[in-house]
Amino acid sequence: MASLPRPFPLRSLLLRFGVLTAASAALLSVALAFLLGSFERQRVAVIEVQATGAVREASRDLERLFFEVIGDLGIISRMPAVRTAVEQPSEAHWRAVAEQLEGFAVEYGRYPSIQVLDRAGVSVAAFPMAAAKTRSAAALSKAEAELLLQQRQLMVLHLVWQGSRALLPVGRPLMDASGHPRFELWADVQLNGSFDGIASILQVPELKAEAWILDARGRVISAPPHGGSRQQPLDLLQRFPMLRTPLAEHASGRQLGPQGLFVYQAINPLEQGPGAAPGSGLGRGGPSGNLDWMLVMRVPPDQLQRGSLLASPQGQLLIGALYLAAATASGLLAYSQLLAQQRQRETDRHAQELWRLSSTDSLTGLVNRRRFEELATYEIARCQRTGAPLALLLLDLDHFKEINDRHGHGTGDLVLRAFGEAAQTALREIDTIARWGGEEFAVLMPETGQQPAVAAAERVRRTVEGLAVMPRSSGSDATPPVHITVSVGVVAMEAGELSLEALIQMADHGLYAAKAAGRNCVAVLPAPGLPPRIASASA
């Protein structure tokens, strides 16, 4: 009978197990230390990028705030009571202006005081009445005032502190009918509480971050006012003295330390950047002319460490036991991310294709009627807001039904495509041509008055007149090509409250006049209620 093999010595088994365990544990510890350290550094870098992006977006939002201030002062300057008082100064008129200023200040809420100064800097109308005082006027010349208004700029004085409340005096000239600056409109903008939109932008996802806007001396102008008039504003540099040198020496940057991650950027909402042309900012100073502010964002240390595996006791226990599961999970995660990205790309491609199909005409490739109406509605609103001219053309191919009857609908389709291509070559890139329906087309021409629109319509008419389209059913070179012509109705909108429906109706009126005049011509409707006239025709 054979003898059983001798069992391995228990001591030798345990020794080998210990050596292998120690070696694998050491290698695993080195690998985990490298990976986790890299993960933490990458996580902090992502937070830095998010914070930096939020700070930059907030600085742009601050610039939009000053555009709103420019618009508010423009509204006040165009009030009938203000215009009357500027042209015919009197105590009664200025009293009416003061009542208007009170209503405006109460409704908008961001202006504690608004006043009108004469050329000597003396207040002639103010809200509240306690704000009436003498202030240094800018003493602008007529040319300076006109340039200031054309460039949509502000006059800005030094930031004023009333306790913890930050006020920024801003102004603009009030011109008389002859264009001379006779008075100045000044308003104190309360900066505290005006940055709610910026505060929402500065919220980094899943992090509790703090953000402040500082003046040149480090005082917080974005915090809500607190206490009475004797309460001093919050000084951020006293709370975080380590920021004093970086903020003084650098316009932007990041600093990571025991107090957390700080991201800061110098902002001057009166300037549009270093590449802007001279005078292209939002303001010019009185005694100041600069707003040297600083936007600071802080991510506390506990938020930086949030989610770290090394800071979690449970995570430390799971690292040694689940390293293989972690590797498997990483592979599954990468696979799921790749699959999600592929699905997202496919979804985006389908969405783009659906948008293209819903906004273009399948036969001609031109914009369709629905998309044209959207663009036209936007341009009409912009025209009514800015006063810019806008023109609309309505075009109809002459005798198109005869082409379909004689040569077939296939040739008719070729004619429509050829017309669309030819018309586009005769128009500008900013013009939009759309297939309105059947053989009828519409053209939207922004920034275009009546005469340029008529000239463009004539270019299209002549271009189309020279087209020669070979019939689709032609099997011989001897078959003559199909020649087409087009009739055009033109209408231009200089100002007013016209709708798209009204413009189309006016252009259609002109189109009928062109048809009645023998076709192959351009008819323009000079103004609502006036009969159309033939602007051009074939020889």
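As a reminder, the structure under discussion sits directly above these lines.
Rules and cut-offs
Residues numbered from 1 in each chain as written. Predicted model: local features only at pLDDT ≥ 70, side-chain atom pairs only at ≥ 80, totals over all residues. Heavy atoms only, no water. Helix = DSSP H or I, 4+ residues; strand = E, 2+ residues; numbered from the N terminus. Buried < 20%, exposed > 50% of the residue type's maximum accessible area, 1.4 Å probe, protein only. Pairing = 2+ DSSP bridges. Axes fitted to C-alpha atoms, helices over the stretch in contact; angles between N-to-C directions. Expected span 1.5 Å × (residues − 1). Contact = heavy atoms within 4.5 Å. 1 Å grid on protein atoms, 1.4 Å probe; cavity = no way out; pocket = protein on both sides within 12 Å on 5 of 7 lines; lining within 4 Å. Points joined across faces, edges and corners; volume = space filled by probe spheres on them. Nonpolar A, V, L, I, M, F, W, Y, C, P; charged D, E, K, R; others polar.

**Considering the environment of Arg519**
In this structure, Arg519 sits in the loop between α15 (500-516) and β16 (521-525). The class of Arg519 is partly exposed, set by a relative accessible area of 33%. As a C-alpha pair, Arg519 and Thr485 span 34 residues in sequence and 7.9 Å in three-dimensional space.

**With respect to the sheet that holds strand β8 (residues 252-257)**
Spatially, β7-β11-β9-β8 is the arrangement adopted by the four strands of the open sheet, whose pairing is antiparallel. Unpaired on one side and paired on the other, β7 (210-214) and β8 mark the two borders of the sheet. Neighbour to neighbour, the strand axes of the sheet diverge by 15° on average, direction disregarded. Strand direction decides the pairing type here: β7 and strand β11 (residues 293-299), joined by five bridges, are antiparallel. Across the sheet, residue Trp212 finds its bridge partner in β11, namely Val296.

**Focus on helix α11 (residues 369-386)**
Here α11 spans 25 Å end to end across 18 residues, near enough to the 26 Å set by a 1.5 Å rise per residue. Structurally, α11 contributes buried residues whose contacts are with β12 (390-397), β13 (432-437), β14 (440-446), β15 (486-493) and α15. Gly387, located one to two residues past α11, shows a positive phi value of around 85°.

**A short note on empty space enclosed by the protein**
To find leftover empty space, one rolls a probe the size of a water molecule over the atoms. In total, this model carries one cavity of 30 Å³ or more according to the counting rule given. The volume enclosed by the largest cavity comes to roughly 30 Å³. Along its surface, the largest cavity is lined by Glu379, Arg382, Cys383, Ala388, Pro389, Leu390, Pro446 and Glu447. Broken down by element, the residue count for the lining of the largest cavity peaks at three residues, all from α11. When the residues that make up the lining of the largest cavity are grouped by side-chain class, the tally is five nonpolar, no polar and three charged.

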